[in-house]
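What follows is each chain in one-letter form.
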Amino acid sequence: MEHLRSVRSATTVRRVLTSLAVVLAVLLTSGWLHRNETLEPGGQAGQLQAWRQDTITGTDLPDPLSGPEVVADFFASLGHRKQFLLAERHPLVVGNLGGAPAEVRYAANRHALAAAREREQTRSQDRRLSPVGRHESSRRAHRLSSLLAEGRQILAFDPTGSGRVAEVVGDLDEAERVSVVVPGVDTDLLTFERTRLRYRAPVGMAHALYAQQREADPGRRTAVIAWADYTAPRGVKVSAATAGPAEEGARRLTATVAALPGDATVALFCHSYGSVVCGLAASDLPKRVTDIAVAGSPGMRAAHAGELGTRARIWAARSPADWIRDVPHLAVGPLGHGPDPADPAFGALPVAGEDVPGHGGYFLPGTDSLTAFGRIGAGLVDRAARGGEGPYCVPRGLPT
């Protein structure tokens, strides 16, 4: 009997090990496992550890969690050469480090992008990966090459998983007004920009908004950030109906705004699920945020604009052609995001959207919504509501 139990036990162990081996083989050959950046030497976790152990001319480097003020003071104490030396040594740290000079972060992210592109190009030729895995690596290498093009200013980059990225359009250091475009579901490294349907992707949205701001007020110095630096939900699934991804996104958005250089005032432009991110971030955002505009919103996790806990003006646009109007704007337990911000009862300032062609068209050049967003971004709030028509009163005490 004892011998029989031993045989059965050994057989069970072999079955478990065989199953694990099959699972591991599937993960490796499917191209999935290589997306886990913790396995990559020189990945962000490894660079953070190296940063904490490094010094420069005998001085310890600041804790990345010490806050943008501490980081800014540290970089200000260094010469230009030493700043860029750290960007080269620890690109995935410096490129995402709030408080580091923008030009140093751009340089760091060029190093990080180049290294990531080289890895993806190698993987695209790796026969141990499935055709799907090789194709994905080829697509990512193409996207990374585009982000490395001359003149692009990448403010944040992390290749982990589906990838996170943020890009600046304009001069961030000289801007009087900074706008941040916060996109919704299905936003990642591959969908950060598009050739077809350009203005439905964060980069196209940011360029359209920047051009509209310059048209609205050519003398106002502005900058726009295409901000896809959070892990957005995939598709219209349960995760998109919950606040989990938005809570993480809200923390990252708040940190981004808090670390912006200078004293420029800030406007947020939040599309679709991005408005959930902005709604959750609202109460913790710095006072420099004067405007939060949402478009095609499933809700902001608040029953009324007054419950968002911010003195920023709240704006809302919704096209009659937008399918989001048919989504139940409810909140039942963890599901749903609350009332439609475009409903007058919510208390947001209205932005025209009658000519917007569907859910993704709010930043399309020529639309009333983009015209209004350009005015909001440029600080011309007295002419933004309903495309400048009708009475509108600017709340007292808010800078424009």
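The structure this text deals with has already been given above.
In this report, we go over the structure that sits alongside the text. (Residues numbered from 1 in each chain as written. Predicted model: local features only at pLDDT ≥ 70, side-chain atom pairs only at ≥ 80, totals over all residues. Heavy atoms only, no water.)

1. Digging into the overall build of the protein
Then, in step 1: When its secondary structure is counted, the protein shows eleven helices and ten strands.
Then, in step 2: Taking all 400 residues of the protein together, 50% fall into the buried category.
Then, in step 3: Of the contacts made within the protein by residues no fewer than 6 positions apart, 67% connect residues no fewer than 24 positions apart.
Then, in step 4: With an accessible surface of roughly 18600 Å², the protein has 55% of that area assigned to carbon and sulfur atoms. (Helix = DSSP H or I, 4+ residues; strand = E, 2+ residues; numbered from the N terminus. Buried < 20%, exposed > 50% of the residue type's maximum accessible area, 1.4 Å probe, protein only. Contact = heavy atoms within 4.5 Å. Areas by Shrake-Rupley, 256 points an atom, 1.4 Å probe, with all protein chains shown as cover.)

2. Points about the state of the cysteines
Then, in step 1: Tallied over the full model, the rule gives one disulfide.
Then, in step 2: Shown here is the disulfide that connects cysteine 270 with cysteine 278, its sulfur atoms set 2.1 Å apart. Classification of the bridge connecting cysteine 270 and cysteine 278 rests on its S-S torsion, roughly -90°, and on that basis the disulfide is left-handed. This pair shows no difference in class: cysteine 270 is buried, exactly as cysteine 278 is. (Disulfide = S-S within 2.5 Å.)

3. What to know about the nonpolar core
Then, in step 1: Core analysis: the biggest nonpolar cluster contains 44 residues, and Leu172, Val178, Val180, Ile225, Leu253, Leu268 and Ile292 have the highest contact counts within it.
Then, in step 2: Every residue in contact with isoleucine 292, bar those within four places of it in the chain, is listed here: Leu268, Cys270, Cys278, Ala282, Leu285, Met300, Thr310, Ala312, Arg313, Ile314 and Trp315.
Then, in step 3: If you look at the next biggest cluster of nonpolar residues, it comprises 38 residues, including Ala116, Ala372, Phe373 and Val381. (Core = buried A, V, L, I, M, F, W, Y, C linked by side-chain atoms within 4.5 Å.)

4. Considerations on the environment of aspartate 73
Then, in step 1: Relative to the helices and strands, aspartate 73 is located in helix α3 (residues 68-76).
Then, in step 2: You can call aspartate 73 exposed: its relative accessible area is 55%.
Then, in step 3: Measuring from C-alpha to C-alpha, the distance between aspartate 73 and glycine 99 comes to 8.2 Å, with 26 residues separating the pair along the chain.

5. Thoughts on a negative patch on the surface
Then, in step 1: On the surface, a cluster of negative charge is made up of Glu103, Asp171, Asp173 and Glu174.
Then, in step 2: Position of glutamate 103 relative to the elements: it lies in helix α6 (residues 102-123).
Then, in step 3: Take glutamate 103: its relative accessible area is 40%, and that puts it in the partly exposed class. (Patch = residues over 30% accessible without salt bridge, like charges linked within 9 Å, V, L, I, M, F, W, Y side chains within 5 Å. Salt bridge = Lys/Arg side-chain N within 4 Å of Asp/Glu carboxyl O. Lys, Arg positive; Asp, Glu negative; His and termini not counted. Charge placed at Lys NZ, Arg CZ, Asp CG, Glu CD.)

6. Some points on the sheet that holds strand β3 (residues 153-158)
Then, in step 1: Taken in spatial order, the eight strands make up an open sheet running β3-β4-β6-β5-β7-β8-β9-β10, and their pairing is mixed. The open sheet terminates on both sides in strands that have one partner only, identified here as β3 and β10 (349-350). (Pairing = 2+ DSSP bridges.)

7. With respect to the environment of aspartate 54
Then, in step 1: Relative to the elements of secondary structure, aspartate 54 occurs in the loop between α2 (44-53) and β1 (55-56).
Then, in step 2: When the C-alpha positions of aspartate 54 and leucine 86 are compared, they lie 9.7 Å apart, and in sequence the two are 32 residues distant.
Then, in step 3: Apart from residues lying up to four places away in sequence, aspartate 54 is in contact with Asp60, Leu61, Arg89 and His90.
Then, in step 4: Side-chain polar atoms of aspartate 54 contact the side chain of arginine 89, separated by 2.8 Å. (Polar contact = N/O pair within 3.5 Å; in protein donor to acceptor, adjacent residues only side chain to side chain.)

8. Digging into the packing of helix α4 (residues 80-89) against α6
Then, in step 1: Their axes nearest at 8 Å, the elements α4 and α6 cross at an angle of 35°. Viewed along their axes, α4 and α6 form a crossing whose handedness is right-handed. Where α4 abuts α6, its residues His80, Gln83, Phe84, Ala87 and Glu88 lie against Glu103, Val104, Ala107, Ala108 and His111.
Then, in step 2: Split by residue class, the contact of α4 with α6 holds five nonpolar, three polar and two charged. (Axes fitted to C-alpha atoms, helices over the stretch in contact; angles between N-to-C directions. Left-handed = near helix turned anticlockwise from the far one by under 90°. Nonpolar A, V, L, I, M, F, W, Y, C, P; charged D, E, K, R; others polar.)

9. Some words on the side chain of arginine 105
Then, in step 1: Inspection of the secondary structure puts arginine 105 in helix α6.
Then, in step 2: The side chain of arginine 105 is buried and forms no salt bridge, while aspartate 229, the nearest opposite charge, is found at 5.8 Å.
Then, in step 3: For arginine 105, the side chain forms a polar contact with the main-chain oxygen of glycine 95, separated by 3.3 Å.
Then, in step 4: For arginine 105, the residues in contact, after removing those within four places along its chain, are Val94, Gly95, Asn96, Leu97, Gly98, Ala100, Ile154, Leu155 and Ala156.

10. Some points on unusual backbone geometry
Then, in step 1: The phi dihedral of leucine 197 falls on the positive side, at around 55°, and the residue is not glycine.
Then, in step 2: Residue placement: leucine 197 occurs in the loop between β5 (177-182) and α8 (202-216).
Then, in step 3: Backbone geometry at serine 272 places phi at a positive 55°, although glycine is not the residue there.

11. Here we look at the pattern of salt bridges
Then, in step 1: Within this structure, the stated rule accounts for 18 salt bridges.
Then, in step 2: In this structure, arginine 152 engages glutamate 167 in a salt bridge whose closest nitrogen and oxygen atoms are separated by 2.6 Å. With arginine 152 in the loop between α7 (131-147) and β3 and glutamate 167 in strand β4 (residues 164-170), this residue pair connects regions lying 15 residues apart in the sequence.
Then, in step 3: Judged by relative accessible area, which is 5%, glutamate 167 ranks as buried.
Then, in step 4: Salt bridges linked by common partners bring Asp158, Arg164, Asp229, Glu248 and Arg252 together as one network.

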